[in-house]
Amino acid sequence: KDVFAALDARFTDGGLISPFGKSDLTQLDYSVVIHYRIGDKRAKFTNPGSVGDDGVLDPKVIRNLIEELNLLKSRILVLSDEPVLAQKLLSEVGITADVQGKRESIWFDINTMAKAKLFIGTWSQVSQLASVCVVNRGGVAYLPSNSTGKNSLDWKVAGVNLYIPNFLDATHPIYFKS
C-alpha cells in the first residue's frame, strides 16, 4: 500500500487533518510558504553541541531564491517556531510575509505547509516532512543542501530542489550570548 495513502488513512480515521492525502487539494491563497526554523538555532554559539554546526539561516538566501523565481511581489506566508522574529528577519531583507494567525499544533502547521504551491524549508525535520507532502500534492519544494560541513548528510529527496544555505554570523543579535 502507498505510504502516503496509509498515513492519510491513519490521520483521517483518527479524526485529524491529514497533510498526506490528496483528497483535499485546495491550495492556500499564498504563492510562497516558508518554514523558518529559528528556536534552538539561536544557541549555536552558546550551546553548539546540542544545535549542530549550522545556525539561523540568513534571510538573504530566502530572498535570493524568491527573487530568482520572480515571486518577490507575491503573497508569502511564513511559519516558524518564532513567527514574529521570522517575519522581522524576512522584512529586513525586503520580503513582506504574513504569519499564520492560528497555531493549533505541529500537524496543523505541516498541513498548512503541505498545501503550498511553492515551499521553502530550512534545515529541520519539519521542513523535510513538509517538503515531501508538498511534492506529493503536486507543489514545488526547496530545502537547503547539507552536503558540506561537520553535520553533512549527502542526501536527496526525490522531487525536492536544493539550495545552498548561508547562516547569520556570530555577531548577529539573534544569537543568545554567553
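Structure first, text after, so check above.
In short, a report on the structure. (Residues numbered from 1 in each chain as written. Predicted model: local features only at pLDDT ≥ 70, side-chain atom pairs only at ≥ 80, totals over all residues. Heavy atoms only, no water.)

1. Regarding the overall build of the protein chain
When its secondary structure is counted, the protein chain shows 6 helices and 6 strands. Sequence-ordered secondary structure for the protein chain, helices as α and strands as β, is α-β-α-α-β-α-β-α-β-α-β-β. Here the protein chain holds 178 residues, and the buried ones make up 47% of them. Of the contacts made within the protein chain by residues no fewer than 6 positions apart, 57% connect residues no fewer than 24 positions apart. Here the protein chain displays about 9,300 Å² of accessible surface, and carbon together with sulfur accounts for 52% of that area. (Helix = DSSP H or I, 4+ residues; strand = E, 2+ residues; numbered from the N terminus. Buried < 20%, exposed > 50% of the residue type's maximum accessible area, 1.4 Å probe, protein only. Contact = heavy atoms within 4.5 Å. Areas by Shrake-Rupley, 256 points an atom, 1.4 Å probe, with all protein chains shown as cover.)

2. Quick notes on the nonpolar core
Within soluble globular proteins, side chains that are nonpolar tend to cluster in buried spots. Counting residues in each nonpolar core, the largest one holds 26 residues, and the members touching the most others are Ile34, Tyr36, Ile62, Ile66, Ile95 and Ile120. Of all the secondary-structure elements, those providing two or more residues to this core are strand S1 (32–36), helix H3 (59–68), strand S2 (76–80), helix H4 (83–92) and strand S4 (118–120). Among the elements that take part in this core, H3 stands out by supplying 4 residues, more than any other. With residues near it in sequence (within four places) discarded, Ile95 still touches Pro59, Ile62, Arg63, Ile66, Leu72, Ile76 and Leu90. Membership of the second largest hydrophobic core comes to 13 residues, among which are Ala116, Leu143, Val157 and Val160. (Core = buried A, V, L, I, M, F, W, Y, C linked by side-chain atoms within 4.5 Å.)

3. Concerning the sheet that holds strand S3 (residues 98–99)
The strand order across the open sheet formed by 6 strands is S3-S2-S1-S4-S5-S6, and the pairing between neighbours is parallel. The strands lining the two open edges of the sheet, one partner per strand, are S3 and strand S6 (160–163). Alignment of S1 against S4, held across 2 bridges, turns out to be parallel. Across the sheet, the residue bridging to Ile34 is Ile120, located in S4. Across the sheet, H4 touches S1, S2 and S3, and the angle it forms with S2 is around 135°. The strands touched by helix H6 (residues 125–136) are S1, S4, strand S5 (140–144) and S6; relative to S5, the strand with the most contacts, the crossing angle is about 155°. (Pairing = 2+ DSSP bridges. Axes fitted to C-alpha atoms, helices over the stretch in contact; angles between N-to-C directions.)

4. Examining the packing of helix H5 (residues 106–114) against H6
Contact pair H5 / H6: the axes reach a minimum separation of 8 Å and the direction vectors enclose 45°. Classified by the interaxial angle, the pair formed by H5 and H6 is oblique. Seen along the crossing, H5 lies across H6 with a hand that is right-handed. Across the interface between the two elements, Ile106, Trp107, Ile110, Met113 and Ala114 of H5 pack against Val126, Leu129, Ala130, Cys133 and Val134 of H6. Taken together, the residues of the contact of H5 with H6 break down into 10 nonpolar, no polar and no charged. (Parallel < 35°, antiparallel > 145°, perpendicular 65-115°, else oblique. Left-handed = near helix turned anticlockwise from the far one by under 90°. Nonpolar A, V, L, I, M, F, W, Y, C, P; charged D, E, K, R; others polar.)

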